[in-house]
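# Residue-level structural notes
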Amino acid sequence: MREENDEAGMTDLQYKDHLRAVVADFERIKRMGVSDEAAAEIDAVIKRFTTTIES
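So, a few notes on the structure that sits alongside this text. (Residues numbered from 1 in each chain as written. Predicted model: local features only at pLDDT ≥ 70, side-chain atom pairs only at ≥ 80, totals over all residues. Heavy atoms only, no water.)

## A word on the pattern of salt bridges
Spelled out, the test is: We define a salt bridge as a contact between a side-chain nitrogen of Lys or Arg and a carboxyl oxygen of Asp or Glu at a distance within 4 Å. Labels follow the DSSP assignment, with helices taken as runs of H or I lasting at least four residues and strands as runs of E lasting at least two, numbered in each case from the N terminus. Buried means the residue's accessible area, taken with a 1.4 Å probe over protein chains only, is under 20% of the maximum for its type, while exposed means over 50%, and partly exposed covers the values in between.
Tallying each qualifying case throughout the model produces two salt bridges. Two residues, R28 and D25, come together in a salt bridge whose shortest N-O distance is 3.6 Å. A residue pair is termed a helical-turn pair when its members lie 3 or 4 positions apart in one helix, as R28 and D25 do in helix α1 (residues 12-32) at three residues. Residue class for R28 comes out partly exposed when judged on its relative accessible area of 39%. Here K30 makes a salt bridge to D43, at a shortest N to O gap of 2.4 Å. Taken together, the positions of K30 in helix α1 and D43 in helix α2 (residues 36-54) put the pair 13 residues apart, joining distant regions of the chain. Residue K30 is classed as partly exposed on the basis of its relative accessible area of 29%.

## With respect to α2
In an α-helix, one full turn covers 3.6 residues, which means residues spaced three or four apart are oriented alike. Applied cut-off: An expected span of 1.5 Å times one less than the residue number is assigned to each helix. What the arc describes is the spread of directions from the helix axis to the C-beta atoms.
Between its first and last C-alpha atoms α2 spans 26 Å; for 19 residues at 1.5 Å apiece the expected length is 27 Å, and the two agree. Within α2, the full set of buried residues consists of A39, I42, V45, I46, F49 and I53. Angular distribution of buried residues about the axis of α2 spans 130 degrees; they occupy a single face of the element. Exposed and facing more than 90 degrees away from the buried side of α2 are D36, E37, E41, K47, R48 and E54.

## Some remarks on the packing of α1 against α2
The condition is simple: Angular values range over 0 to 180 degrees, each being the angle between N-to-C directions of two axes fitted as lines to C-alpha atoms, with helices fitted over their stretch in contact. Orientation labels follow simple angle bins: below 35 degrees gives roughly parallel, above 145 gives roughly antiparallel, 65 to 115 gives roughly perpendicular, and whatever is left gives oblique. Each crossing gets its hand from how the near helix is turned against the far one by less than a right angle, where anticlockwise is left-handed and clockwise is right-handed. What makes two residues a contact is simply this: any of their non-hydrogen atoms within 4.5 Å. Basically, the charged four are Asp, Glu, Lys and Arg, the nonpolar ten are Ala, Val, Leu, Ile, Met, Phe, Trp, Tyr, Cys and Pro, and anything else, Gly included, counts as polar.
Packing of α1 against α2 leaves a shortest axis separation of 10 Å and a crossing angle of 160 degrees. Classified by the angle between their axes, α1 and α2 sit roughly antiparallel to one another. With respect to the hand of their crossing, α1 and α2 are arranged in left-handed fashion. Where α1 approaches α2, its residues Y15, K16, L19, R20, V22, V23, F26, E27 and K30 are matched on the opposing element by A39, I42, D43, V45, I46, F49, T52 and I53. Its residues assigned to classes, the contact of α1 with α2 comprises eleven nonpolar, one polar and five charged.

Structural data, given as structure tokens:
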């Protein structure tokens, strides 16, 4: 049984797996067609998430 003050959270591996799924969603959305400005924003987010995944 967990203590009431224990925090529930993700492990690093779970978090990185979550980010991989989010990156895949962004890539799929980008392929559907977005403006150049939106594509640049998506690329920046993907780069940031990929850096976290690789660390």
